[in-house]
Amino acid sequence: MADLFPYKLKLWENPALALQAIFGRPEVEPGDGRLDYLQGPHNPFEFAQRLYSLESLQPAPVRAMATDQPEPYSLQWFLDIENQRHSKHGRWIPKLLEFAKHAGEKLLGLGHGLGTDWVQYAQNGAAVIVCTPAATQLELVRRNFEVRDLKGQFIQADPTSLPLEPSSIDVVCISSLHHGIDHPEKVIEEVYRVLKPGGKVLAVTPAYYDVDYWKRTLFFWRRWFQPNRGKNPLRCRRRYSAAQVRLLFSRFNEMRIRKRQLRRLEVPHVWRWIPLPILARLMGRVLVLKAFKPVRELTIDN
């Protein structure tokens, strides 16, 4: 594997657009119409730090590159992201996304990020297919698999038109419904089409009623003095309530939705006496859905 992999990709010709393609547009934008959110990062190491921060669910990138940090895009770099992403605040991820439950099954990964969750399925014996319209993201996900000597199938395609046969997939894992998707209902229709009857969909998407919503609603006077207070660059512009998610996946059965992902430092002091697991279920940043395609299609002609 070439050590100069990130430079050969030439991500730096427009790194901010590459970030947006991989993780979606952030909530914070200037109010005067200027595209300031497209102005950075400005060099390969800064780009790698931003990727690291977003994928590991950290609130902000490290400001300085420490000399003992692993080479960006190396195996250790990806492993460090994995350790941070799935520990402490993200302990819910391996359990709710069922990394160890789909050995021998064909799993389709859709959405944003570097594939940190999708490689877990491959390590546990699933045959993973990754589909994304962003070439930059696809190459980084491929790199994440290759440095671990894991096999996968990587397809550059629009999620509203998947180049897959009907009823050919056992499990679909959607890392975010907001990621580059103007019509999420069309994506859900495609997911329904490619899933086998009885197949499972696991979806994580930004929650509308998260901690920032409640801070800005209940402490509304703060907006008069600091308009961007409570806004978080990790918080995506398109978010969903549980009712909206249920409506999107209305064709599926046995639906269950949970709310997770919250840091105590994000919670106003007046609420910090409440146990964090309870707060996460009330005002967490993401909704996690689990549902099944109806089995009735197997017996519809009987």
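Residues numbered from 1 in each chain as written. Predicted model: local features only at pLDDT ≥ 70, side-chain atom pairs only at ≥ 80, totals over all residues. Heavy atoms only, no water.

Novice: Tell me about the sheet that holds strand 5 (residues 195-206), and name the residues and values.
Specialist: The strand order across the open sheet formed by seven strands is 3-2-1-4-5-7-6, and the pairing between neighbours is mixed. Of all the strands in the sheet, just strand 3 (153-156) and strand 6 (253-260) have a single pairing partner and so form its edges. When the angles between neighbouring strand axes are averaged without regard to direction, this sheet yields 15°. Looking at chain direction, strand 2 (residues 127-132) and strand 3 are connected through four bridges and run parallel. The residue of strand 3 that forms the bridge with I129 is Q153. Contacts from helix 6 (residues 116-123) reach strand 1 (106-110), strand 2, strand 4 (169-174) and strand 5 within the one sheet, and its direction differs from that of strand 2 by about 160°. (Pairing = 2+ DSSP bridges. Helix = DSSP H or I, 4+ residues; strand = E, 2+ residues; numbered from the N terminus. Axes fitted to C-alpha atoms, helices over the stretch in contact; angles between N-to-C directions. Contact = heavy atoms within 4.5 Å.)

Novice: Just give me the short version of the pairing of strand 4, but keep the residues and values in it.
Specialist: Counting buried positions along strand 4 yields six of six residues, so the element is predominantly enclosed. Looking at chain direction, strand 1 and strand 4 are connected through four bridges and run parallel. Looking at strand 4, one finds that L108 is bridged to V172. Across five bridges, the pairing between strand 4 and strand 5 is parallel. Across the sheet, the residue bridging to I169 is L195, located in strand 5. (Buried < 20%, exposed > 50% of the residue type's maximum accessible area, 1.4 Å probe, protein only.)

Novice: An account of the environment of L289 is requested, with residue identities and associated values reported.
Specialist: Mapped onto the elements, L289 comes out in strand 7 (residues 286-292). Separated by 30 residues in sequence, L289 and K259 have C-alpha atoms that sit 8.9 Å apart. Ignoring any residue separated from it by four or fewer positions in sequence, one finds L289 in contact with V201, L202, A203, V245, F249, M255, R256 and I257.

Novice: Can you explain the packing of aromatic side chains? Please cite residues and give values.
Specialist: A complete count under the given rule lists 13 aromatic pairs for this structure. On the basis of an interplanar angle of 90° and a centroid distance of 5.2 Å, the ring pair of F99 and Y121 is categorised as edge-to-face. Placement of the pair is F99 in the loop between helix 5 (92-96) and strand 1 and Y121 in helix 6, with a sequence separation of 22 residues. Both residues of the pair, F99 and Y121, belong to the buried class. Over the ring of Y192 we find R251; its NZ or CZ atom is 3.7 Å from the centre of that ring. Note that K293 overlies the ring of Y192, its terminal NZ or CZ placed 4.8 Å from the centroid. (Phe/Tyr/Trp six-rings, centres within 6.5 Å; stacked < 30°, edge-to-face > 60°. Lys NZ or Arg CZ within 6 Å of the ring centre and 35° of its normal.)

Novice: Please set out the pattern of salt bridges residue by residue, giving values where relevant.
Specialist: Enumeration over the complete set of coordinates arrives at 12 salt bridges. The salt bridge involving E98 is made with K200; its shortest N-O contact spans 2.5 Å. You can see E98 sitting in the loop between helix 5 and strand 1 and its partner K200 sitting in strand 5, a full 102 residues away along the chain. K290 is the salt-bridge partner of E98, the closest N and O atoms lying 2.8 Å from each other. Of the two residues, E98 is situated in the loop between helix 5 and strand 1 and K290 in strand 7; the sequence distance between them amounts to 192 residues. Through salt bridges with shared partners, a single ionic network connects D210, D212, K215, E266 and R285. (Salt bridge = Lys/Arg side-chain N within 4 Å of Asp/Glu carboxyl O.)

Novice: So, the packing of helix 6 against helix 7 (residues 135-146): which residues are in play, and what are the values?
Specialist: Helix packing for two helices is described by the angle between their axes and how far apart those axes are. Here helix 6 crosses helix 7 at 40°, and the two axes come no closer than 10 Å. On the basis of their axis angle, the class for helix 6 and helix 7 is oblique. Note on packing geometry: the crossing formed by helix 6 with helix 7 is right-handed. Contact residues: helix 6 offers T116, W118, V119 and A122, while helix 7 offers Q137, V141, N144 and F145. Considering only residue class, the contact of helix 6 with helix 7 consists of five nonpolar, three polar and no charged. (Parallel < 35°, antiparallel > 145°, perpendicular 65-115°, else oblique. Left-handed = near helix turned anticlockwise from the far one by under 90°. Nonpolar A, V, L, I, M, F, W, Y, C, P; charged D, E, K, R; others polar.)

Novice: Before we move on, can you summarise helix 9 (residues 211-218) with the specific residues and values?
Specialist: Count 3.6 residues to each turn of an α-helix, and residues three or four apart come out pointing the same way. Buried within helix 9 are the following residues: V211, D212 and K215. Down the axis of helix 9, the sector holding all buried residues measures 100°, keeping them to one side. Tucked inside the fold, the buried residues of helix 9 contact helix 12 (276-283). (Arc of directions from axis to C-beta.)

Novice: Can you break down the confidence of the model for the protein residue by residue, with the values?
Specialist: Counting all residues, the mean pLDDT for the protein is 83, and 77% of those residues have values of 70 or more. Counting contacts from residues 28-38, a segment whose pLDDT is below 50, to residues more than four positions away or on other chains yields 14 contacts. (pLDDT = per-residue confidence, 0-100.)

Novice: Tell me about the environment of Y52, residues and numbers included.
Specialist: In this structure, Y52 sits in helix 3 (residues 44-55). Y52 gets classed as buried once you look at its relative accessible area, which sits at 17%. Separated by 62 residues in the primary sequence, Y52 and L114 place their C-alpha atoms 9.2 Å from one another. The residues touching Y52, leaving out its near neighbours within four places in the chain, are W77, D80, I81 and Q84.

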